[in-house]
Amino acid sequence: MHAVKTKKRINLSAVTTAALFVLLILAGLFSGRAGKENTDRPRQDELSADGGGEAAAEETKARVIDPDKPMVALTFDDGPCGEYSPLILDCLEKNNAVATFFEIGCNVAKYPEIDKRAAELGCEIGSHSYYHNVLPGQSQEDIAEDQRLCKEVFENAIGTDPVLIRPPQGSVVKSILNQYEQIFVGWSVDTEDWLYQNVDRTVNKVQQAGNLDGQVILMHSIYQESAQAAEILVPWLIEQGYQLVTVSELFYYHYGITPEKHYYYAYDYFISDGALMLS
Ligand SMILES: [Zn+2]
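Residues numbered from 1 in each chain as written. Predicted model: local features only at pLDDT ≥ 70, side-chain atom pairs only at ≥ 80, totals over all residues.

Chemist: For the overall build of the chain, give the residues involved together with the corresponding values.
Modeler: Counting its secondary structure elements, the chain contains 13 helices and 11 strands. Out of the 279 residues belonging to the chain, those deemed buried represent 39%. Taking the intrachain contacts of the chain between residues at least 6 apart in sequence as the baseline, contacts between residues at least 24 apart amount to 76%. (Helix = DSSP H or I, 4+ residues; strand = E, 2+ residues; numbered from the N terminus. Buried ≥ 20, exposed ≤ 12 C-beta atoms within 10 Å, placed from the backbone. Contact = placed C-beta atoms within 7 Å.)

Below, the structure written as structure tokens:
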């Protein structure tokens, strides 16, 4: 089940080298223009503001994941939400960070552009079913219909059916796992943001959770307090030395695996650092 970890530094974006090259040329041009008084390199925002352009923007976006350094996956369920998802995306973009959004299909139908933007920012989009009905107890026909509806809206929004699914309420049984081609993913740190809808409480849950390396944090994108908590937590996690990665990146870079379908990667898996697996 557990492949050997390949520990090497991997550049996420093929454009980085090219972008860096262009950036260096631009930097040369700009410092030449500025004259001898100002030999400082222009900052990214100066380049952009001056029409320095896409190369600078690409350079800002490029993320490099170091498998030897701590990493954590922030996940947001139940969106997309017209009001708060954009705030979470603004926060992630500002901090050059990513998260995974487990979206409800019928919300994706309403706000496809939000998930399109999230995907463009490097975030991962997972499914959270079409109607958010709990899966156990559903007939094969109901599940097939849910899958059909999801495929349609996700393909419309982001061009593909998600690889990951988080079951509503985290609840699934083996017979249902077998009906999906997707990989089931739970969480290991529950902020209970949906329960209390309190910024401080949500922030404290994460800040007091101990070592977050390899963990999956559960939040929701449909509450203002959750978006506000994210605005505190994203820079805090980065300050603590964590790389914010998507769930698929966490599997690949931290756990060194390609997750398998018909399994549920949930609390036990993440808490045991990949040693325990429920199926
Ligand atoms: Zn949910």
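Chemist: Could you give an account of the nonpolar core, with specific residues and numbers?
Modeler: Counting 65 residues, the largest nonpolar core has Val72, Ile217 and Leu244 as its most contacted members. Tallying contributions element by element places helix 11 (residues 224–239) first for this core, with 6 residues. (Core = buried A, V, L, I, M, F, W, Y, C linked by C-beta atoms within 7 Å.)

Chemist: Can you break down the pairing of strand 4 (residues 100–103) residue by residue, with the values?
Modeler: Taking every second residue as pointing to the same face, both faces of strand 4 are buried, with Thr100 and Phe102 on one and Phe101 and Glu103 on the other. The sheet contact formed by strand 3 (residues 71–77) and strand 4 spans 3 bridges and is parallel. When the bridges of strand 4 are listed, Phe76 appears paired with Phe101. Assessed by its sense of winding, the connection that carries the chain from strand 3 through helix 4 (residues 85–94) to strand 4 is right-handed. (Pairing = 2+ DSSP bridges. Right-handed = clockwise from strand over helix to strand, strands pointing away.)

Chemist: An account of unusual backbone geometry is needed here, citing residue identities and associated values.
Modeler: Of note, the bond from Gly79 into Pro80 is cis; its omega dihedral lies within 30 degrees of zero at -5°. In this structure, His132 takes a positive phi of about 65° despite not being glycine. Assessed through the 16 C-beta atoms surrounding it within 10 Å, His132 is described here as partly exposed. Despite not being glycine, Asp273 shows a phi value in the positive range, around 55°.

Chemist: Can you explain the pairing of strand 5 (residues 124–127)? Please cite residues and give values.
Modeler: Of the two faces of strand 5, the one holding Glu124 and Gly126 and the one holding Ile125 and Ser127 are both buried throughout. Across 4 bridges, strand 4 lies against strand 5 in parallel orientation. Within the sheet, the bridge partner assigned to Thr100 lies in strand 5 and is Glu124.

Chemist: Go over the environment of Ala227 with me, naming the residues and quoting the values.
Modeler: The residue Ala227 is located in helix 11 in this model. By C-beta crowding, Ala227 is classed as buried, having 25 other C-beta atoms within 10 Å. C-alpha of Ala227 to C-alpha of Ile88: the two residues are 139 residues apart in sequence and 5.5 Å apart in space. Residue contacts for Ala227: discarding those within four places in its chain leaves Tyr84, Leu87 and Ile88.

Chemist: Go over the confidence of the model for the chain, please, and point to the residues and values.
Modeler: Summarising the model, the chain shows a mean pLDDT of 84, and 77% of its residues fall at 70 or more. Across residues 1–59 the pLDDT falls below 50, and counting only partners more than four positions away or on other chains, this stretch makes 48 contacts in the model. (pLDDT = per-residue confidence, 0-100.)

Chemist: Just give me the short version of helix 12 (residues 247–255), but keep the residues and values in it.
Modeler: Owing to its 3.6 residues per turn, the α-helix brings residues three or four apart onto one side. In terms of burial, helix 12 is largely enclosed, as 7 of its 9 residues are buried. Those residues of helix 12 lying buried are Val247, Glu249, Leu250, Phe251, Tyr252, Tyr253 and His254. Gly256 lies just past helix 12 and shows a positive phi near 65°.

Chemist: So what's going on with the environment of Thr100? Residues and values would help.
Modeler: The topology assignment puts Thr100 in strand 4. Assessed through the 27 C-beta atoms surrounding it within 10 Å, Thr100 is described here as buried. Thr100 sits 24 residues away from Glu124 along the chain, and the two C-alpha atoms are 4.6 Å apart. Not counting residues up to four positions away in its chain, the partners in contact with Thr100 are Ala73, Thr75, Cys123, Glu124, Gly126, Thr246 and Val247.

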